[in-house]
Amino acid sequence: MAAAAGVKTSPDFPVPKTMKAWVLGNPGELALAQKPVPMPRRAEALLRIDAVAICATDLEVIDHGAPALIQGGPPFNKNFTPGHEYMGTVVALGPGVDEYRIGQRVTVEIHAGCGQCKRCREGMYTSCLNYGLNYGDVDKGHRANGFTTDGGFCEYQVNNINTLVAIADGMSDEEATLVVTAGTAMYGLTELGGLIAGESVVVTGPGPIGLLGVAVAKALGAFPVILTGTRDNRLRIGRELGADHVVNVRNEDAVAAVRRLNGGKGVDYVLECSGAANAVNDAIHMVNRGGKVCLAAFPHAETPVDIAHIVRNNIYLYGIRGEGKSATHRAEAFMAQKRFDATKIHTHTFALDELPTAIRYAKERIDDAIKVVVKARGVAAPRVAAE
Ligand SMILES: [Zn+2]
Ligand SMILES: [Zn+2]
């Protein structure tokens, strides 16, 4: 990192000039390269990345581009580094930054909106109206690391201080990468109304967000919480995270099961995390009249929806993007209090150099992989693939 006026560093955390970074070439092609270590500007801190989790959305970005948007277009062959679920140690502070200190461990949320549009002003910075406008003449200051700016599959990254979340001392690096996942579930439940004590919730789809959705809903006092899915091993983890009932939809009709488990009238809320083709129709038939459905996943194809049922029953549908309204801070508070054990969904750790192997584990769910983490340091010899 080149020294710059007003940037604070410490001899305890020396910052090199260059770093290892994975760079996206053509679709599906990642290459390990050397890049300059970026420098924090006003309202930014430089993190040494200590751990980064692989998210299904990273796989989308690497293979298909969207929802990443680099220089106004697809992210391929633009020297772009993906990865967005990372945590690390603050090693340099931009001019005027005193909200964090060098040496502090933090995790990150993804979206720093422009800070000046209507949605940013409302706390909905994940829906910033200037999304992706962070370059050239249209530079509005928007950042979504790993989507519109460089992300975390590297050794150092700059973050707007608004995206930093201080973590409890006892929280491991791996667990800290899961704060943003829990934060996404928290944001969904916030948008549905937030205070769900004593209200009934179905979570559909036991992926990382769904599983932590169960945990967050329970921590917020929801009852009962019902988890639906197709894989018994994941449903079992859902039980460990607090689900009162689990339904394997291969064995039983999901809508009928939910109605049976909750007295016939349906539930107050559905958090849809499966992205299955019939998910929206199932969800609107799982909620009661006036119930609310949060869509946190999406199918790839357009699907017909029973709109008449939605209208006749006053059902509310919410689409959410990411983790707005500081939901990650509230999720971290639950985790710091050990209200649930998010580490139950962390299954594998690889060295940063082994990212392609780590991605293969995540994508093909090798060895029942759920959350796969890579670390630039502190990981011994590469694991032998168990296949
Ligand atoms: Zn993610
Ligand atoms: Zn904005």
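See the structure printed just above.
One structure accompanies this document, and this report is about it.

## Some remarks on the overall build of the protein chain
If you tally the helices and strands in the protein chain, you get 11 helices and 17 strands. Over its C-alpha trace the protein chain gives a radius of gyration of 21 Å, about what one expects of a compact globule, namely 21 Å for 387 residues. Based on the C-alpha atoms only, the size of the protein chain along its principal axes is roughly 65 × 50 × 40 Å. Here the protein chain holds 387 residues, and 53% of them are scored as buried. Total accessible area on the protein chain stands at roughly 16200 Å², and carbon and sulfur atoms take up 51% of it.

## Notes on the coordination of the zinc ion (ligand 2)
The coordination sphere of the zinc ion (ligand 2), as far as protein atoms go, consists of Cys 114 (SG), Cys 117 (SG), Cys 120 (SG) and Cys 128 (SG), spread over 2.3 to 2.4 Å. Considering all four donor atoms around the zinc ion (ligand 2), the spread of angles at the metal, 102 to 116°, places the coordination shape in the tetrahedral class. Between consecutive donors of the zinc ion (ligand 2), the numbers of intervening residues give the motif C-x2-C-x2-C-x7-C. Assigned by exposure class, Cys 120 and Cys 128 land together as buried.

## Notes on the coordination of the zinc ion (ligand 1)
At this site the zinc ion (ligand 1) is bound by Cys 55 (SG), His 84 (NE2) and Glu 85 (OE), with donor distances of 2.0 to 2.3 Å. A relative accessible area of 2% means that His 84 is categorised as buried. In this structure Glu 85 comes out as buried when scored by relative accessible area, which is 6%.

## Details of the pairing of strand β11 (residues 225-229)
With five of its five residues buried, β11 lies for the most part within the structure. Every second residue of β11 is oriented toward a common face, with Val 225, Leu 227 and Gly 229 on one face and Ile 226 and Thr 228 on the other, all of them buried. Looking at chain direction, strand β10 (residues 201-204) and β11 are connected through four bridges and run parallel. Across the sheet, Val 201 pairs through a bridge with Val 225, a residue of β11. Taking the sense of rotation as the criterion, the β-α-β connection linking β10, helix α5 (residues 208-219) and β11 turns out right-handed. Two elements, β11 and strand β12 (residues 245-248), share four bridges in a ladder whose sense is parallel.

## Remarks on the pattern of salt bridges
Applying the stated criterion across every chain, the model contains 17 salt bridges. Here Arg 260 ties to Glu 252 by a salt bridge, and the two come within 2.6 Å at their closest N and O atoms. By relative accessible area, Glu 252 is classed as partly exposed at 30%. What emerges from the salt-bridge pattern is a single network uniting Arg 105, Asp 173, Glu 174 and Lys 375.

## Describing the side chain of Glu 332
Structurally, the position occupied by Glu 332 is in helix α10 (residues 327-336). Of the buried charged residues, Glu 332 lacks a salt bridge, with Arg 105 as the closest side chain of opposite charge at 8.4 Å. Excluding residues within four positions of it along the chain, Glu 332 makes contact with Val 165, Ala 166, Ile 167, Ala 168, Met 171 and Val 179.

## Some points on unusual backbone geometry
Omega for the peptide link from Ala 66 to Pro 67 comes to 5°, which places this bond in the cis form. When you line up the elements, Pro 67 lands in the loop between α1 (56-64) and β4 (85-93). Following Phe 223, the chain continues to Pro 224 via a peptide bond in cis, the omega torsion being -10°. Turning to its location among the elements, Pro 224 is positioned in the loop between α5 and β11. Positive phi, normally seen in glycine, also occurs at Ala 43, with a value near 65°. Note that Ala 43 resides in the loop between β2 (30-36) and β3 (44-53).

The rules behind the values
Residues numbered from 1 in each chain as written. Chains lettered and ligands numbered in written order. Predicted model: local features only at pLDDT ≥ 70, side-chain atom pairs only at ≥ 80, totals over all residues. Heavy atoms only, no water. Helix = DSSP H or I, 4+ residues; strand = E, 2+ residues; numbered from the N terminus. Rg over C-alpha atoms; globule rule 2.2 N^0.38 Å. Buried < 20%, exposed > 50% of the residue type's maximum accessible area, 1.4 Å probe, protein only. Areas by Shrake-Rupley, 256 points an atom, 1.4 Å probe, with all protein chains shown as cover. Donors = N, O, S within 2.8 Å, 3.2 Å for Na, K, Ca; no water. Tetrahedral: all angles 85-135°; square planar, octahedral: opposite > 155°, others 65-115°. Pairing = 2+ DSSP bridges. Right-handed = clockwise from strand over helix to strand, strands pointing away. Salt bridge = Lys/Arg side-chain N within 4 Å of Asp/Glu carboxyl O. Lys, Arg positive; Asp, Glu negative; His and termini not counted. Contact = heavy atoms within 4.5 Å.

Keep in mind these numbers describe shape, not what the thing actually does.
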